[in-house]
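If you want the building blocks of each chain, they are given just below.
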Protein chains: 4
Amino acid sequence: MAKPNIISKGDLIKSAKECLVNNGIDKFTLRAVAEQAGVTQGTIYYHFKTKEQLLLDIVQDTCESSWSEISELSNQYIISQAIESAKSRCSYDSFFHKLFLTLVVSGFNNETIRGKLGEITQSENNALTQSLLTLWSKTPIDGVSVETWGILINAIVDGLALQALVQKDFPVEKTYEELGQLFKGLTQLLNEGDK
Amino acid sequence: MAKPNIISKGDLIKSAKECLVNNGIDKFTLRAVAEQAGVTQGTIYYHFKTKEQLLLDIVQDTCESSWSEISELSNQYIISQAIESAKSRCSYDSFFHKLFLTLVVSGFNNETIRGKLGEITQSENNALTQSLLTLWSKTPIDGVSVETWGILINAIVDGLALQALVQKDFPVEKTYEELGQLFKGLTQLLNEGDK
Amino acid sequence: MAKPNIISKGDLIKSAKECLVNNGIDKFTLRAVAEQAGVTQGTIYYHFKTKEQLLLDIVQDTCESSWSEISELSNQYIISQAIESAKSRCSYDSFFHKLFLTLVVSGFNNETIRGKLGEITQSENNALTQSLLTLWSKTPIDGVSVETWGILINAIVDGLALQALVQKDFPVEKTYEELGQLFKGLTQLLNEGDK
Amino acid sequence: MAKPNIISKGDLIKSAKECLVNNGIDKFTLRAVAEQAGVTQGTIYYHFKTKEQLLLDIVQDTCESSWSEISELSNQYIISQAIESAKSRCSYDSFFHKLFLTLVVSGFNNETIRGKLGEITQSENNALTQSLLTLWSKTPIDGVSVETWGILINAIVDGLALQALVQKDFPVEKTYEELGQLFKGLTQLLNEGDK
DNA sequence: CATGAATGAGACTTCATTCAT
DNA sequence: GATGAATGAAGTCTCATTCAT
């Protein structure tokens, strides 16, 4: 009774991600993943040695997606566009941030996961810093390195997402609007300082 | 064979928190909690109707602790001290943030938990805004309301904690030092603007 | 739905032994043991940490039973009675030897089990040697130490049991009858030699 | 992607035997056999209808090997050489006896296997008896038929092997040395009796 | 108050087996 | 001939939960 459906590893990972986000971490069962993907549990074990390996592959996949976005950012986009993208993922039901935070929490007891998430976060910081450098000749506020600005922006994006995830009526629109103003203000400071 | 040890609900909650943070969410079992507290599983059921209720009580307890800290903040402390306290909890092994994020992730599938965490986050925002108002007569950067500054600071604190949790060598010291400089810088802007 | 039936570890081990012998080693499942004992699988796990531990306890129990028999042998019985007892366990459906051989085969991949079975076998050898020494002043055949006679008798008993287990029509009666004659003959040799 | 390796049934049986002995009966899986043989599971199903059939073929093959040895024994070798060969297979890691006992235990729940093993054992007994008859004109001990001597020798060989399999420091050398003495002694008895 | 024995559902995992290619 | 993808039943084990004592 073997149906060679040829379901790919990628398909399974996608189903697994949905499962993880929709069912929550403690109902993230292989049975649920199998159902979601329309295969049997055995099939999952044909592709992934263990549940942990599946989770690891989810992390890997998530990081790779992030990385490709980051690469585009550093090359083509400027800060304002990065923030625009962050805003679009800042909501009470953000798939992206639910997934990310769930993985972070899983990582608390799995150094491999934790390490990978750490790397990707650091890459984000670096990319943001590079982007800032194309915008600012120097820091707009003395004592705050552009490197740290990169870290802070990333922190703000994650921190706001976190708030939006727990506050149904979080003012995403307003906050991001003013965050934009903040950047304008900072950039203006630089120009004034030049005179 | 009943030992009238008189273990309090609070003791159990404390043990449960430790369990949750140390063992991770998927090894957060009632047996583990019982062992941690030095009682049997039955005892837990004497105090909590279900496991979910225990989790809810953990959230409640955590929120209450937070609330009492917030109250102190609004009344007695100023921003710089709040930040100092945030820095002390920003580390790779932060019990507080591990607990908080674990609860947030649990909340993704439990509106009660999520709601409580949302409330407490909002309270933090408000308290920070109040604190800022005692420091700043108006916003240091046009277009960014003091309310939003409160939100942003809170976001930064959580976002930095998140980074520190996944990056073993995250530069906590340096980042918080420069975050301090940022505040000084902003406050100075206000004073300059006054002239 | 907890019924405090108070089923003892010993009861479970007994059921497990029956299961092992009746169902065979590859159908020796915990479900089968549970059914045999009239409890649920969970109950088994309450008493034994793992399936392997249950098997180990079966071995231990079997060895202890053997040991108590051996002790009686050395103290009260003489060789001929030991052989009588061996004969009674020599059959196509011998519970004892089926169990023993099954454990031996399990031991091929478990040094703990193997070690215990080795110990008990050695004890049997020793006991037999002691028994022989009360019967024979010296060896009836030059060059064969009484120690070795002990080993050989034990080997014969096991070897015959093995044959009986695979040959439906093995002549147990006749063989043991002549084995008795053999001992008589050997003992007689000694007496003749004395003259 | 079919590799016409032309792996023979015999090769698979050999791999399966190794698997059975090395991994033990409960890790005797078709996947393991396939790996051992360097083919995929499907290939095994091309050659054997079921796993049970493979096991049966292992038994068959083992019996045939035994039979050819036995034939040689009856025709060319004398008892002392048979014993020499038995000694060489009497060890803590005897592939032969591990395999044989494993098959015996499997046979407890499979009459086909059991029957075949019974037959081969009986053949061994007969061959030994025939060999003895070329050596002894009559039994060295009254009341013990030469037929029974054949059975007893076979039992000793298996029984000693069993002991060696569970006792790491079983005195194989010494025991077989004295077993040789025993035969010399018995043969001498005959000669003395002739006078 | 608290325990310890028991449960039953469900989790992860393995494995013999099938079948299109 | 042989493979690899898939299945589904069954196995080991965990865990929230119950309840008599």
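Fair warning: this is a prediction, and the values are worked out from it, not measured in the lab.

### Some remarks on the overall build of chain A
Step number 1: The helix and strand inventory of chain A stands at nine helices and zero strands.
Step number 2: Beginning at the N terminus, the succession of helices and strands in chain A can be written as α-α-α-α-α-α-α-α-α.
Step number 3: For the C-alpha atoms alone, the extent of chain A along its principal axes is close to 80 × 35 × 30 Å.
Step number 4: Split into buried and exposed, the 195 residues of chain A put 53% on the buried side.
Step number 5: Accessible surface computed for chain A: about 9,600 Å², of which carbon and sulfur atoms make up 50%.

### Examining the relation of the copies chain C and chain D
Both copies of the chain are tied together by a single rotation about an axis and a shift running along it.
Step number 1: Of the two same-sequence chains, chain C is brought onto chain D (RMSD 0.1 Å, axial shift 0.0 Å) by a rotation of 180 degrees. This pairing of chains is accounted for by a two-fold axis.
Step number 2: Comparing contact sets, 96% of the residues at the interface of chain C also lie at the interface in chain D, consistent with an isologous, same-surface contact.

### Let's talk about the environment of Glu-124 of chain A
All names here are of chain A.
Step number 1: Considering the arrangement of structural elements, one finds Glu-124 in helix H7 (residues 111–135).
Step number 2: Linking Glu-124 and Gly-150, residues 26 residues apart in sequence, is a C-alpha distance of 8.3 Å.
Step number 3: Excluding residues that lie within four positions of it along the chain, Glu-124 makes contacts with Ser-66, Ile-70 and Asn-154.

### Considerations on the UniProt feature "DNA-binding region" (unreviewed entry) in chain A
Step number 1: Under the UniProt annotation, "DNA-binding region" (unreviewed entry) lies at residues 29–48 of chain A.
Step number 2: Within residues 29–48 of chain A, the helical portion is 75% and the strand portion 0%, while the C-alpha atoms at the span's ends are 14 Å from each other.

### Here's the deal with the pattern of salt bridges
Once their charged atoms are close, side chains differing in charge can pair, the charge on each being opposite to the other.
Step number 1: Inspection of the entire model under this criterion finds 29 salt bridges over all chains.
Step number 2: Between Glu-178 of chain A and Lys-174 of chain A there is a salt bridge, with its nearest N and O atoms 4.0 Å apart. A residue pair is termed a helical-turn pair when its members lie 3 or 4 positions apart in one helix, as Glu-178 of chain A and Lys-174 of chain A do in helix H9 (residues 172–194) at four residues.
Step number 3: Judged by its relative accessible area of 9%, Glu-178 of chain A is buried.
Step number 4: A salt bridge links Lys-87 of chain B to Glu-173 of chain B; the nearest nitrogen and oxygen atoms lie 2.7 Å apart. Separated by 86 residues along the polypeptide, Lys-87 of chain B in helix H5 (residues 79–88) and Glu-173 of chain B in helix H9 (residues 172–194) bring together distant segments of the chain.
Step number 5: Accessibility expressed as a relative area gives 52% for Glu-173 of chain B, which makes it exposed.
Step number 6: Each of Asp-93 and Lys-98 of chain A together with Glu-111 and Arg-114 of chain B takes part in salt bridges that share partners, so that together they form one network.

### Some words on the UniProt feature "domain: HTH tetR-type" (unreviewed entry) in chain A
Step number 1: Per the UniProt record, the feature "domain: HTH tetR-type" (unreviewed entry) sits at residues 6–66 of chain A.
Step number 2: Annotation note: span residues 6–66 of chain A, helix share 75%, strand share 0%, distance between end C-alpha atoms 27 Å.

### So, the packing of aromatic side chains
Step number 1: Considering all chains together, one arrives at twelve aromatic pairs over all chains under this definition.
Step number 2: Taking 6.4 Å as the distance between ring centres and 0 degrees as the angle between the ring planes, the aromatic pair formed by Phe-96 of chain A and Phe-100 of chain A counts as stacked. Taken as a pair, Phe-96 of chain A and Phe-100 of chain A lie in helix H6 (residues 95–107) at a separation of four residues, close to a single helical turn.
Step number 3: A relative accessible area of 9% places Phe-100 of chain A in the buried class.
Step number 4: Relative to Phe-183 of chain B, the ring of Trp-136 of chain B lies with its centre 6.0 Å away and its plane at 20 degrees, an arrangement referred to as stacked. Residue Trp-136 of chain B is located in the loop between helix H7 (111–135) and helix H8 (146–166), and its partner Phe-183 of chain B is located in helix H9; the two are separated by 47 residues in the primary sequence.
Step number 5: Put simply, the rings of Trp-136, Trp-149 and Phe-183 of chain A touch in pairs and so form one group of aromatic residues.

What counts as what
Residues numbered from 1 in each chain as written. Chains lettered and ligands numbered in written order. Predicted model: local features only at pLDDT ≥ 70, side-chain atom pairs only at ≥ 80, totals over all residues. Heavy atoms only, no water. Helix = DSSP H or I, 4+ residues; strand = E, 2+ residues; numbered from the N terminus. Buried < 20%, exposed > 50% of the residue type's maximum accessible area, 1.4 Å probe, protein only. Areas by Shrake-Rupley, 256 points an atom, 1.4 Å probe, with all protein chains shown as cover. Least-squares fit on C-alpha atoms with pLDDT ≥ 70 in both. Contact = heavy atoms within 4.5 Å. UniProt positions renumbered as here; feature names shortened; annotations may be inferred. Salt bridge = Lys/Arg side-chain N within 4 Å of Asp/Glu carboxyl O. Phe/Tyr/Trp six-rings, centres within 6.5 Å; stacked < 30°, edge-to-face > 60°.

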